[in-house]
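Residues per chain are reported as follows:
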Amino acid sequence: AQSVAQPEDQVNVAEGNPLTVKCTYSVSGNPYLFWYVQYPNRGLQFLLKYITGDNLVKGSYGFEAEFNKSQTSFHLKKPSALVSDSALYFCAVRDNTNAGKSTFGDGTTLTVKP
Amino acid sequence: DAGVIQSPRHEVTEMGQEVTLRCKPISGHDYLFWYRQTMMRGLELLIYFNNNVPIDDSGMPEDRFSAKMPNASFSTLKIQPSEPRDSAVYFCASSSPVWGTEAFFGQGTRLTVV
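**Here's the deal with the side chain of Gln6(A)**
So, point 1. Mapped onto the elements, Gln6(A) comes out in the loop between strand 1 (3-5) and strand 2 (10-14).
So, point 2. Here Gln6(A) is in contact with Val21(A), Lys22(A), Trp35(A), Tyr89(A), Phe90(A), Cys91(A), Gly105(A), Asp106(A), Gly107(A) and Thr108(A), once residues within four sequence places are set aside.

Have a look at this one:
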């Protein structure tokens, strides 16, 4: 079985400050890890993913995430937050024996204040 | 490609009526997923298809829900009869057969059952 935990329902940061949105996972095999963002009244949009290789992956809009196998974590980060980053963020995991189904976390609402 | 296309964007119906949601996946994608999003339960996977065949329907809430994929470019999710607790945003997503690829989501259908 695979599972994802996003321990924070809400993250608040000031514009210009660094942000972190946390994600931990559990899979039976090697993980494929994803971050998606959802803006109001929109579908989920892909941000970045870890498949293999370098533990630090870079994605859209200046976001990056670090894969930590020992801590089974895949935290989303950005050095300097923008008000426009305010949205709902989802972490997802799939094990490498399953080409299809991903498991999503419950989501974290990020609010960036001016 | 225009992305994953869902219709209608909004649907308001009376309790007891049949509702059909439609989805056109991205061409070449052979995985198709139906999700439901509510404030209370978050993002739930209802069912997914591979090459038009249902693989896992364990998330379908009850017999009132059914999904079909008659060909590679079209899928439907039907609720009959509808109930107020079915009110939610329903998303369709598709992904390619390449291992480790992300899912592409449609804009969603906001269903309100009164």
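Having seen it, we continue.
**A closer look at empty space enclosed by the protein**
So, point 1. With the rule as written, the count across this model stands at one cavity of 30 Å³ or more.
So, point 2. Looking at the largest cavity, its volume works out to about 40 Å³.
So, point 3. Looking at side-chain class alone, the lining of the largest cavity contains five nonpolar, two polar and one charged residues.

**What about the interface of chain B and chain A?**
So, point 1. Counting residues at the interface gives 19 residues for chain B, matched by 22 residues for chain A.
So, point 2. Buried area between chain B and chain A, summed over both chains or domains, comes out near 1800 Å², and the portion from carbon and sulfur atoms is 53%.
So, point 3. It is Trp99(B), Gly100(B) and Glu102(B) that lose the most area in chain B upon contact with chain A, and together they represent 31% of the buried surface on that side.
So, point 4. Counting every contact that joins chain B to chain A gives two salt bridges.

**Description of unusual backbone geometry**
So, point 1. With an omega dihedral of -10 degrees, the bond running from Ser7(B) to Pro8(B) counts as a cis peptide bond.
So, point 2. Look at the link from Gln80(B) to Pro81(B): it is a cis peptide, with omega at -5 degrees.
So, point 3. Structurally, Pro81(B) is set in the loop between strand 8 (74-79) and strand 9 (88-95).
So, point 4. Even without being glycine, Thr72(A) reaches a positive phi, approximately 45 degrees.
So, point 5. Looking at the element boundaries, Thr72(A) is found in the loop between strand 8 (64-68) and strand 9 (73-78).
So, point 6. Given the relative accessible area of 31%, Thr72(A) is considered partly exposed.

What counts, and at which threshold
- Residues numbered from 1 in each chain as written.
- Chains lettered and ligands numbered in written order.
- Predicted model: local features only at pLDDT ≥ 70, side-chain atom pairs only at ≥ 80, totals over all residues.
- Heavy atoms only, no water.
- Helix = DSSP H or I, 4+ residues; strand = E, 2+ residues; numbered from the N terminus.
- Contact = heavy atoms within 4.5 Å.
- 1 Å grid on protein atoms, 1.4 Å probe; cavity = no way out; pocket = protein on both sides within 12 Å on 5 of 7 lines; lining within 4 Å.
- Points joined across faces, edges and corners; volume = space filled by probe spheres on them.
- Nonpolar A, V, L, I, M, F, W, Y, C, P; charged D, E, K, R; others polar.
- Buried area = accessible area lost by both parts, 1.4 Å probe.
- Salt bridge = Lys/Arg side-chain N within 4 Å of Asp/Glu carboxyl O.
- Buried < 20%, exposed > 50% of the residue type's maximum accessible area, 1.4 Å probe, protein only.

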